[in-house]
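This is what each chain is made of:
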Amino acid sequence: MLDEPGSNQAPFELRLHDRTIVVRRPLLVGVLNLTPDSFFDGGQYTDPEAAIASARRLILEGADILDIGAESSRPGADPVPLSVELARLNSVLPQILELGAPVSIDTYKPEVAEFTLGLGAHLINDITGLRAEMLEVVSSHKAPAIVMHMAGSPKTMQQAPALTDAATEVFEFLRERIRAAQARDVQTIADVGFGFGKTVHQNLELLRALPRFRQLGVPLLIGTSRKSTLGALTGAAVDDRLTASLATAAHALAHGAAFLRVHDVREHRELIQVSEAIDATQISPARPNTTIQLNGIPVDLKLGVPHQERAQSQRISVDLTLEFPYLGYTDDVADTLDYQHLPKRVQSLCQEEETKLLETLAERIAQPLLRETAASTVCVRIHKPNAASAIGCSDVIVERSFESDRPLVHHAFVALGSNVGDRQRFLDAAISELRRLGMVVRLSTWIETAPEHGQDGPNYLNGVAHLTTELAPVDLLAEFLQIEQRFGRQRGVESSSESSSESASESASPNAQPRTLDLDLLLYDQETIDCEALTVPHPRMHQRDFVLGPLVEIAPDALHPQLGLTAAELLDQLTQASRELGTPAS
């Protein structure tokens, strides 16, 4: 069965040489062209310093992966000598890799793939579909590859596109190349090749057929950003195609795209952010669940395992319990569930087809109601009194509960700090890692502060990020510890739980240890957690102006669940106390 529009793709792992990314949401692949002749940004980043600055900007705007190309593949482009492509990449790739984001190399030359993977690049984006020589290279490096379909070559592909059944031909090509890659244990991402040897109609046909391409069994990457088909549809010049790009990206997201390759990262990040907010069930933990029960719904139907039992209709009774995380918080009927229709809906679901087992019937009732009511849990309890009398008891009851698989989005505020080495690089890399865990909604400016309470050591760069995530607090803590370790955090005598709760050594001598990277979980929804591994809210956040200042910048109304004060009120309180004592806030 084809996926329905808006269906969510199950999480999958993207295996890179230095990390494994668990992909829970669509990822943004930011385009960085080092070429003088690319169709949109050609010539802007031929200078190495400009290219590195652009890479940093793309990461901060929300790029999960950087896709670097040193040879244009625009329609009509001439091939570039191998030496030129290698020189362009060599001038910037080592510095860009230091920024911490995964890097894809957009090339069809095996020699370029070999060179860049050797430098530390993470995956290859091959517009020619991963031919034998390229497959050999990525297999030897155990690197993933983006496998794209192109009809012809960039020089001539748009002169006379030759596809007759675009969706079928592209599907068959990608399936064959993916199978070849799987035989070599190469992880692949499929790209239908929008704009590469296709007519405007064929490009649209491929977008309509995206549910079919999900049957390839690998993640899909879609790259429509600012391409000529969008200009043909709207009449807009390349500089004015952002709106059209966002429209096609929204369609791709709704039909299961796992990656979007884009020039305009910030705008596409906001698109994903809003799309996920619409799709997700967002729960405010301060609000209790609402339970609605309807008991004793009568249903007459033919039911049972023996044929003679199903020969005539019998009466059963259905009890229905629905739980909602957000319901009835005003006195407006529109803010609750209109349950008057539910008894007839249950009776209708029971009559759809003949059933032998009560367990099957319970599922047939519950699953549609999960979708139709937006309940988080539906419990169906079925009474079958006829069966009870036959075996000498008063009632036979089968009960089954079903939970919604809609993702829960949680709001976390994370403090970040660094006072060792290239502090800015470490913090930029940390933000890239946080985007792997969810959506970075807002990021404060970085501020420089001295170590706490006059401790010796270099100054810190500090900031706060607002993260929306599906991960539980303890899972976030585990991820934070791994990120810190990945970037060389030396803990020494520090507690392994220090990322979110104070160790004894730090309580006595806060910020005494030099740190390449320090991640603290400040707030998580409105939860209060106090266990051996984790303390939330962070026990010292209300005493630290270098935490409260950045937090107020991005979320002044963020509420401390224990103190009952907002971040802005806590900062005012701390500032006033410092004035009265004549000492700076710590």
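Residues numbered from 1 in each chain as written. Predicted model: local features only at pLDDT ≥ 70, side-chain atom pairs only at ≥ 80, totals over all residues. Heavy atoms only, no water.

### Looking at the overall build of the protein chain
Right, on to step 1. A tally of regular secondary structure across the protein chain gives 19 helices and 22 strands.
Right, on to step 2. The proportion of buried residues among the 586 residues of the protein chain is 52%.
Right, on to step 3. Partitioning the contacts of the protein chain with sequence separation of at least 6, the portion at a separation of at least 24 is 66%.
Right, on to step 4. Total accessible area on the protein chain stands at roughly 25,400 Å², and carbon and sulfur atoms take up 51% of it. (Helix = DSSP H or I, 4+ residues; strand = E, 2+ residues; numbered from the N terminus. Buried < 20%, exposed > 50% of the residue type's maximum accessible area, 1.4 Å probe, protein only. Contact = heavy atoms within 4.5 Å. Areas by Shrake-Rupley, 256 points an atom, 1.4 Å probe, with all protein chains shown as cover.)

### Thoughts on the sheet that holds strand E4 (residues 65-69)
Right, on to step 1. One closed barrel accounts for eight strands, arranged E3-E4-E5-E6-E7-E8-E9-E10; its pairing is parallel. Strand-to-strand twist across the sheet, computed as the mean angle between neighbouring axes with direction ignored, equals 25°.
Right, on to step 2. In this structure, strand E3 (residues 27-33) lies alongside E4, joined through five bridges in parallel fashion. Across the sheet, residue Val29 finds its bridge partner in E4, namely Ile65.
Right, on to step 3. Running over the sheet, helix H1 (residues 48-61) touches E3 and E4 and is turned about 165° from E3. (Pairing = 2+ DSSP bridges. Axes fitted to C-alpha atoms, helices over the stretch in contact; angles between N-to-C directions.)

### What to know about the packing of aromatic side chains
Right, on to step 1. Evaluated as defined, the whole model comprises three aromatic pairs.
Right, on to step 2. A centroid spacing of 6.1 Å and a plane angle of 55° characterise the contact between Phe12 and Phe259, whose relative ring orientation is tilted. With a gap of 247 residues between them, Phe12 in strand E1 (residues 12-15) and Phe259 in strand E10 (residues 259-262) connect regions that are remote in the sequence. Like Phe12, the residue Phe259 is buried in the burial classification.
Right, on to step 3. Ring geometry for Phe171 versus Phe213: centroids 5.8 Å apart, planes at 55°, classification tilted. With a gap of 42 residues between them, Phe171 in helix H6 (residues 166-183) and Phe213 in helix H8 (residues 210-213) connect regions that are remote in the sequence. Take Phe171 and Phe213: they sit in the same class, and that class is buried.
Right, on to step 4. It is Arg212 that lies over the ring of Phe171; its NZ or CZ is 5.1 Å from the centre. (Phe/Tyr/Trp six-rings, centres within 6.5 Å; stacked < 30°, edge-to-face > 60°. Lys NZ or Arg CZ within 6 Å of the ring centre and 35° of its normal.)

### Some remarks on the packing of helix H18 (residues 545-554) against helix H19 (residues 567-581)
For any two helices packed against each other, the geometry comes down to the angle between their axes and how far apart the axes lie.
Right, on to step 1. It is at 9 Å that the axes of H18 and H19 come closest, and there the two elements cross at 140°. For the element pair H18 / H19, the angle class is oblique. Crossing of H18 against H19: the hand is left-handed. Here Asp545, Leu548, Gly549, Leu551 and Val552 of H18 lie close against H19, whose contacting residues are Ala567, Ala568, Leu570, Leu571 and Leu574.
Right, on to step 2. Among the residues making up the contact of H18 with H19, the classes are represented as eight nonpolar, one polar and one charged. (Parallel < 35°, antiparallel > 145°, perpendicular 65-115°, else oblique. Left-handed = near helix turned anticlockwise from the far one by under 90°. Nonpolar A, V, L, I, M, F, W, Y, C, P; charged D, E, K, R; others polar.)

### Topic: the pairing of E3
In the case of a regular strand, side chains alternate between the two sheet surfaces.
Right, on to step 1. With seven of its seven residues buried, E3 lies for the most part within the structure.
Right, on to step 2. Residues Leu27, Val29, Val31 and Asn33 point to one face of E3 and Leu28, Gly30 and Leu32 to the other, with burial holding for every one of them.
Right, on to step 3. As defined by bridge partners, E3 adjoins E10 across four bridges and the pair is classed as parallel. Its bridge partner lying in E10, Val29 is registered against Arg261.

### Some thoughts on the environment of Asn203
Right, on to step 1. Relative to the elements of secondary structure, Asn203 occurs in helix H7 (residues 200-208).
Right, on to step 2. Overall, Asn203 belongs to the buried group, its relative accessible area being 1%.
Right, on to step 3. The spatial distance from the C-alpha of Asn203 to the C-alpha of Val192 is 9.0 Å, given a sequence separation of 11 residues.
Right, on to step 4. For Asn203, the residues in contact, after removing those within four places along its chain, are Gly193, Phe194, Gly195, Lys198 and Thr229.

### Side note on unusual backbone geometry
Right, on to step 1. A cis geometry characterises the amide bond from Val536 onward to Pro537, with omega recorded as 0°.
Right, on to step 2. In this structure, Pro537 sits in the loop between strand E22 (535-536) and H18.
Right, on to step 3. With a phi angle near 60°, Arg226 is a residue other than glycine that sits in the positive phi range.
Right, on to step 4. Of note, the phi angle at Asp525 is positive, near 50°, even though the residue is not glycine.
Right, on to step 5. Within the element layout of this structure, Asp525 appears in the loop between strand E20 (518-524) and strand E21 (529-530).

### Quick notes on the confidence of the model for the protein chain
Parts of the model with low pLDDT should not have their predicted coordinates read in detail.
Right, on to step 1. Here the protein chain shows a mean pLDDT of 85. Residues at 70 or above account for 87%.
Right, on to step 2. Contacts from residues 1-7, a stretch scored under 50 in pLDDT, to residues over four places away or in other chains number 12 contacts.
Right, on to step 3. Note that pLDDT drops below 50 for residues 492-512; the model gives that stretch 56 contacts with residues more than four away or on any other chain. (pLDDT = per-residue confidence, 0-100.)

### Section: the nonpolar core
Right, on to step 1. Ranked by internal contacts, the top residues of the largest apolar core, which has 68 residues, are Ile68, Ile96, Ile105, Leu174, Phe213 and Leu260.
Right, on to step 2. Dropping the residues within four chain positions of it, Leu174 is found in contact with Val147, Met148, His149, Ala190, Asp191, Val192, Phe213 and Leu216.
Right, on to step 3. With 29 residues, the next largest nonpolar core counts Ile292, Leu337, Cys350 and Phe402 among its residues. (Core = buried A, V, L, I, M, F, W, Y, C linked by side-chain atoms within 4.5 Å.)

### What to know about helix H4 (residues 110-119)
Right, on to step 1. Where H4 is concerned, the buried positions are Pro110, Val112, Ala113, Thr116 and Leu117. Along the long axis of H4, the arc covered by the buried residues comes to 155°, so they all point the same way.
Right, on to step 2. Buried positions along H4 lie against helix H2 (82-90), helix H3 (93-97), strand E5 (103-106), strand E6 (123-126) and helix H5 (132-141). (Arc of directions from axis to C-beta.)

### Things to note about the pattern of salt bridges
Where side chains of opposite charge bring their charged atoms close, a pairing between them can arise.
Right, on to step 1. Throughout the structure, instances matching the rule amount to 25 salt bridges.
Right, on to step 2. Here Glu85 ties to Lys109 by a salt bridge, and the two come within 2.7 Å at their closest N and O atoms. With Glu85 in helix H2 and Lys109 in the loop between E5 and H4, the pair connects residues that are 24 residues apart, well separated along the chain. Here Glu85 and Lys109 have matching classes, each one buried.
Right, on to step 3. For Arg184, the salt bridge goes to Glu136, with nearest N and O atoms at 3.0 Å. Taken together, the residues span a long stretch of sequence, with Arg184 in the loop between H6 and strand E8 (188-191) and Glu136 in helix H5 at a distance of 48 residues. (Salt bridge = Lys/Arg side-chain N within 4 Å of Asp/Glu carboxyl O.)

### Structural notes on the side chain of Asp64
Right, on to step 1. The topology assignment puts Asp64 in the loop between H1 and E4.
Right, on to step 2. There is a polar contact of 2.8 Å between the side chain of Asp64 and the side chain of Arg25.
Right, on to step 3. A polar atom in the side chain of Asp64 sits 2.7 Å from the backbone nitrogen of Leu28.
Right, on to step 4. What Asp64 contacts, discounting residues up to four positions off in sequence, is Arg25, Pro26, Leu27, Leu28, Pro102 and Arg435. (Polar contact = N/O pair within 3.5 Å; in protein donor to acceptor, adjacent residues only side chain to side chain.)

### A short note on helix H10 (residues 242-254)
Right, on to step 1. Spanning 13 residues, H10 covers 18 Å between terminal C-alpha atoms, matching the ideal 18 Å at 1.5 Å per step.
Right, on to step 2. Remark: Gly256 follows H10 within two positions and exhibits a positive phi of approximately 100°. (Expected span 1.5 Å × (residues − 1).)

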